[in-house]
Amino acid sequence: MSIRLYLSNSQENDMRLGSGIRHALAIAVACLAVLPAAAQTYPSKPVRIIVPYSPGGGIDIVARLMAQKLTEQIGGPFVVENRPGAAGVLGAELLARAAPDGYTLLASATEFAINPALRPKLPYDPLKDFSHISQLANVQFILASHPSVPITNVKQLVALAKARPGQLTYGSSGTGGGPHLAGELFQSLAGIRWVHVPFKGAAPASLAVMSGEIDFAFGATIGLLGQVRNGKLRAVAVTGLKRFAELPEVPTVAESGVPDYSATGWYGFYAPGATSPELVRRLYTEATRALGDPDVKEKLTRSGNEYVMSSPEEFTAFLRAEIAKWTKVVREANVRID
């Protein structure tokens, strides 16, 4: 009798345990079924892409092209919001403090990697406080001279600068920007001394070199292309590792006698640091599809940009290298901002 009672209780316990397991499995399956549905609903409200510069610049153009295609692809509105200030710092800080839900993103420029060297008290960590989605595009700089300067190539420029140490001048869109540091890197690697003249934007810098106020200028390819083609400026070299497609006859600085030289502008796409890897991967995939559209790629090329779209892992490694590179340049040149 006691044995039969024991077996009966054991069976009853097994039945309860089995029922509990089945219930837990049912809940787990239901949760798994909901996850893809939740992912498919993104975005359920407008997504803002912060551009930390004024409208009309290179990154603004790229971000708006991407936002338009993302809206078409995913079905929810992606809206560019310009939040200029402190060379991109204000917009980046907004993203660093945003919820990691994919509804606030950032499209920024080269200064994202330069600011850590120039501004040691940044309100964020560029590596820890962001999810690095992708490097969107590259943009080369042109080293241009006034036609009256008696040089036509990099070797002649270096020889002239060594003959006139500290006398030649070059301009840029402002202290601490990509074009400025492109000139500082050139000075360091070529072993010359020349004088940087900062301007409040690319347009005043190009006007200054066209008027002969300064001898040279570093500027984005799209900004100086027209003046080079109409003869108002002479393109001495381009600053990337390969020639610019719109000026194939103009050599790179590296192939013209400064072999280790490379200085390009670039645009990056970011989410807040705690964003899920799955959402980061999806944003990368969708952005790659958006900027890879043939019409969009053609518009990128016409505006002086080169399509890149590196993976999140590749972009993080690239960003680390860029921060290290420009930190070294800033320290060696003793670049300071007010």
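Residues numbered from 1 in each chain as written. Predicted model: local features only at pLDDT ≥ 70, side-chain atom pairs only at ≥ 80, totals over all residues. Heavy atoms only, no water.

Peer 1: So what about the sheet that holds strand 2 (residues 78-82)? Which residues, and what values?
Peer 2: Sheet architecture is open: 6 strands sit in the order 2-1-3-10-4-11, paired in mixed fashion. Each end of this open sheet is capped by a strand with a single partner; those strands are strand 2 and strand 11 (305-307). Mean inter-strand twist for the sheet, computed between neighbouring axes without regard to direction, equals 30°. Sheet strands touched by helix 2 (residues 58-74): strand 1 (47-51), strand 2, strand 3 (104-108), strand 4 (130-139), strand 10 (265-272) and strand 11. Its angle to strand 2, the strand with the most contacts, is close to 160°. (Pairing = 2+ DSSP bridges. Helix = DSSP H or I, 4+ residues; strand = E, 2+ residues; numbered from the N terminus. Axes fitted to C-alpha atoms, helices over the stretch in contact; angles between N-to-C directions. Contact = heavy atoms within 4.5 Å.)

Peer 1: Please provide a residue-by-residue account of helix 7 (residues 202-211), values included.
Peer 2: Those residues of helix 7 that sit buried are A205, S206, A208 and V209. For helix 7, the angular spread of buried residues about the axis comes to 155°, placing them on one side. Seen from the open side of helix 7, the exposed residues pointing more than 90 degrees away from its buried face are L207 and S211. Structurally, helix 7 contributes buried residues whose contacts are with strand 5 (141-145), strand 6 (169-172), strand 8 (216-220) and helix 8 (221-229). Note on helix 7: the residue one or two positions beyond its end, G212, has a positive phi of about 90°. (Buried < 20%, exposed > 50% of the residue type's maximum accessible area, 1.4 Å probe, protein only. Arc of directions from axis to C-beta.)

Peer 1: Report on the sheet that holds strand 9 (residues 234-238), specifying residues and quantitative values.
Peer 2: In space, the 5 strands of this open sheet follow the order 7-6-8-5-9, with mixed pairing throughout. Single-partner strands in this sheet number two, and they are strand 7 (195-198) and strand 9. Adjacent strand axes in the sheet meet at a mean angle of 30°, parallel and antiparallel pairs treated alike. In this sheet, strand 8 lies alongside strand 5 in antiparallel orientation, the contact comprising 5 bridges. Considered in strand 8, the bridge of I142 is made with G219. Together, strand 5, strand 8 and strand 9 form the strand contacts of helix 8, whose direction differs from that of strand 8 by roughly 125°.

Peer 1: Explain the nonpolar core residue by residue, including any values.
Peer 2: Core analysis: the largest hydrophobic core is formed by 36 residues, its most contacted members being I49, M66, F78 and L105. For this core, the secondary-structure elements that each account for two or more residues are strand 1, helix 2, strand 2, strand 3, strand 4, strand 10, helix 9 (277-291) and helix 10 (294-302). With residues up to four places along the chain from it excluded, the contact list for I49 reads M66, A67, L70, F78, V79, V80, E81, L105, L106, A107 and F269. In terms of nonpolar packing, the next biggest core, distinct from the first, is built from 32 residues, V149, L160, L168 and V258 among them. (Core = buried A, V, L, I, M, F, W, Y, C linked by side-chain atoms within 4.5 Å.)

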